[in-house]
There are 2 protein chains.
Amino acid sequence: MLSWGMPENEPATIADLPTPALVIDRPTFNANRVAMDELLPGDKLRPHVKAFKTTALAQQLADDGHRGFCCATPREVEGMVAAGLGHDLLLANESLDVARLGALADQANITVAVDSDATLDAAVAGGVRSVLVDVDVGLPRCGIDPADAGRLADRARHAGLEVRGVMGYEGHLMMVMDPNEKAERVGVSMELLLQASDDVGGDIVSGWGTGTCLTNTWCTEIQAGSYTLMDTDYGKLGLPFELALNVVATVISVSKKGWIIADAGIKSMAMDHGNPTWEHGDVFFLSDEHITLSPTNMNDWKVGDRVRIQPAHIDPTIAKHEQMWMVEGDDVVDRWVVDLRHW
Amino acid sequence: MLSWGMPENEPATIADLPTPALVIDRPTFNANRVAMDELLPGDKLRPHVKAFKTTALAQQLADDGHRGFCCATPREVEGMVAAGLGHDLLLANESLDVARLGALADQANITVAVDSDATLDAAVAGGVRSVLVDVDVGLPRCGIDPADAGRLADRARHAGLEVRGVMGYEGHLMMVMDPNEKAERVGVSMELLLQASDDVGGDIVSGWGTGTCLTNTWCTEIQAGSYTLMDTDYGKLGLPFELALNVVATVISVSKKGWIIADAGIKSMAMDHGNPTWEHGDVFFLSDEHITLSPTNMNDWKVGDRVRIQPAHIDPTIAKHEQMWMVEGDDVVDRWVVDLRHW
């Protein structure tokens, strides 16, 4: 058994952590929870675990009264059930690998999204008992033609399944910056969803996400997860949530040419939303295990110092790590295993 | 214990694999091994495990006669030692977390790169016995000023360490497309390295990598790993290695609007070198767990079909996966655990 890079003694401060380390500022995380509870209390929020992939974090949200959760993969559903968080789980994604979830139907309340006869047939064959009809509301991804949603719901009920309602992901609108434009365009998407809801029936109209949670007033529940920890990309939107997540790295080299190098690269930070951010200077470039930084003041830095890097995209960054460290200031107060990774 | 998404029965063909799945074409991998052995036989190649992070793959290269390996992280070194591949391991990177490696000094032959007094002091304090001096040859990353390399080597010997030589990474030149320009510029970098080598002493002049292995004739050994499986980015360079790695995904949704969606996104494929490639059409975009594809012929595709996606960057793609599946045609012939991940 490998050591996982775990220090022999419990780390007391950030300086003791093996690096690169995913670090969560607990007071900020807690403030984000409070802010969301004012916006969307209880079952109005169905937190999406794909953002943080950690049952210990999900447990905190369940304690706040958010009893239902979204998952993006069968593995996330399995992990949530294993952690005793199976009160109301939605696989908010199409899958043909759902017999794994049907096998858990006596232990948990699991609903699966369907958008075609083929995915519905897989749910029936796999022993899934409840479905939600996923509706195309404009994002070029999954979702049935709204005009065909009622037919699929009838087909599901005929096969003996419970149809709990509809979901639609306005993902193409998450990063629209102008609030008025966003409200109008989300409205158009949600009209499509509500029309489908009329045809489908059921109690649930489920929409997303952190980027539209302030403007989406049409849905009975919102699927959001990134608000818990945030990233620099969502940070541009003026949401009432603050960045709680950093990647901490150790400075391993200092060049007289005007840069320093730390031990966190693209294997510890997602690059699909661009470079991460550093408060003490510019990010020059990243390679597999390195980040080259141009500090505002070179004299401030020496080998062995710790730097805190802010990733641009939370979900795939967390998915790269085995664990996250909860901190208050520089003190390490807890360690959570990122236990919902892979498929 | 979660199921890891493992099918209950051994998968016989690609159609049986849980998706997304990292799939290696074994005949192509074997052909790449043969091609490299003609270029750089035995100890002229020091394969870099950071590219593939899998001891089962490293064992194949050791069987070919490449007895020494490079690692980028302490964890990779630990894993190689645990797998019995500790004949001659080089941590080709600076680290202050090297007491973990000093603790293995009686079990394996471990050399650590240093580029400063601070990293040398950490090696001494951590019980490391051998070092290589990492020299700045133009890439804005780690490496000591060539003029200062001899002084650091003297300091290491004074502290009782063996100094095995120098290394320099001409990473800024990997993707220079013109062979003459590449040869000339690599030559300039290698002149710096050879000057440092004169001052440092030792037998080793270690350089990189897959992108310059055809033109680098100055080094006593080449650090290359991506050649084993390749990616679409290295595929542009006209090297004698073929793409052996794909991510296999399942089509989960088909839209009448002209696209299909499969269950492999940015959590299973690295995006830092851009979009992946698909031989049957265009890649529209990726999200966390989805890829939206525009097929050349929509009528060819239905829900449940498998697609093979070619990633743009091998190293961080493999680091996202727990396992790789070896295939011959559509037959699954082996499963290798990606056991050198994280730090």
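Residues numbered from 1 in each chain as written. Chains lettered and ligands numbered in written order. Predicted model: local features only at pLDDT ≥ 70, side-chain atom pairs only at ≥ 80, totals over all residues. Heavy atoms only, no water.

Asker: Account for the pattern of salt bridges, naming residues and giving values.
Answerer: Within the structure shown, the criterion is met by 48 salt bridges over all chains. Arg164 of chain B is paired through a salt bridge with Asp88 of chain B; the nearest N and O atoms lie 2.8 Å apart. Here Asp88 of chain B lies in strand β3 (residues 88–91) and Arg164 of chain B lies in strand β6 (residues 162–168), a separation of 76 residues in the sequence. According to the relative accessible area criterion, Asp88 of chain B is buried, its value standing at 11%. Linked through salt bridges whose partners overlap, the residues forming this network are Asp117, Asp121, Asp148, Arg151 and Arg155 of chain A. (Salt bridge = Lys/Arg side-chain N within 4 Å of Asp/Glu carboxyl O. Helix = DSSP H or I, 4+ residues; strand = E, 2+ residues; numbered from the N terminus. Buried < 20%, exposed > 50% of the residue type's maximum accessible area, 1.4 Å probe, protein only.)

Asker: Lay out the interface of chain B and chain A in plain terms, naming residues and giving numbers.
Answerer: Every contact between the two is made by 61 residues of chain B and, on the other side, 61 residues of chain A. For the pairing of chain B and chain A, the buried interface totals around 4,800 Å² over both sides, and the portion due to carbon and sulfur atoms is 60%. Run the count over chain B and chain A and you get eight salt bridges. With its nearest N and O atoms 2.7 Å apart, the salt bridge here joins Asp136 of chain B to Lys257 of chain A. When residues of the side of chain B that touches chain A are traced back to their parent elements, those giving at least two are α3 (74–82), α5 (117–125), β9 (245–255), β10 (259–262), β12 (281–287), β13 (290–295) and α8 (314–318) of chain B. For the side of chain B that touches chain A, the class distribution of residues is 22 nonpolar, 20 polar and 19 charged. (Contact = heavy atoms within 4.5 Å. Buried area = accessible area lost by both parts, 1.4 Å probe. Nonpolar A, V, L, I, M, F, W, Y, C, P; charged D, E, K, R; others polar.)

Asker: I'd like a rundown of helix α1 (residues 26–39) of chain B, residues and numbers included.
Answerer: Residue and element names in this part refer to chain B. With 14 residues, α1 extends 20 Å from end C-alpha to end C-alpha; this agrees with the ideal 20 Å at 1.5 Å per step. Within α1, burial applies to Thr28, Phe29, Asn32, Arg33, Ala35 and Met36. When α1 is viewed along its axis, its buried side chains cluster within an angular range of 165° and face the same direction. Buried positions along α1 lie against β1 (21–25), α2 (55–63), β15 (323–328) and β16 (331–337). (Expected span 1.5 Å × (residues − 1). Arc of directions from axis to C-beta.)

Asker: I'd love a proper account of the sheet that holds strand β2 (residues 68–71) of chain A, names of residues and values included.
Answerer: Residues and elements named next belong to chain A. Spatial strand order, β2-β3-β4-β5-β6-β7-β8: seven strands in an open sheet with parallel pairing. Pairing within the sheet leaves two strands with one partner each, and these edge strands are β2 and β8 (221–223). Within the sheet, the average angular offset between the axes of one strand and its neighbour, ignoring direction, is 30°. Where strand β7 (residues 204–208) lies against β8, three bridges are found, and the strand directions are parallel. Looking across to β8, one finds that Gly207 is bridged to Ile222. Packing against the sheet, helix α6 (residues 149–158) makes contact with β4 (110–114), β5 (130–134) and β6 (162–168), and its axis sits at approximately 170° to β5. (Pairing = 2+ DSSP bridges. Axes fitted to C-alpha atoms, helices over the stretch in contact; angles between N-to-C directions.)

So far we have only geometry, and geometry alone does not tell us how the molecule works.
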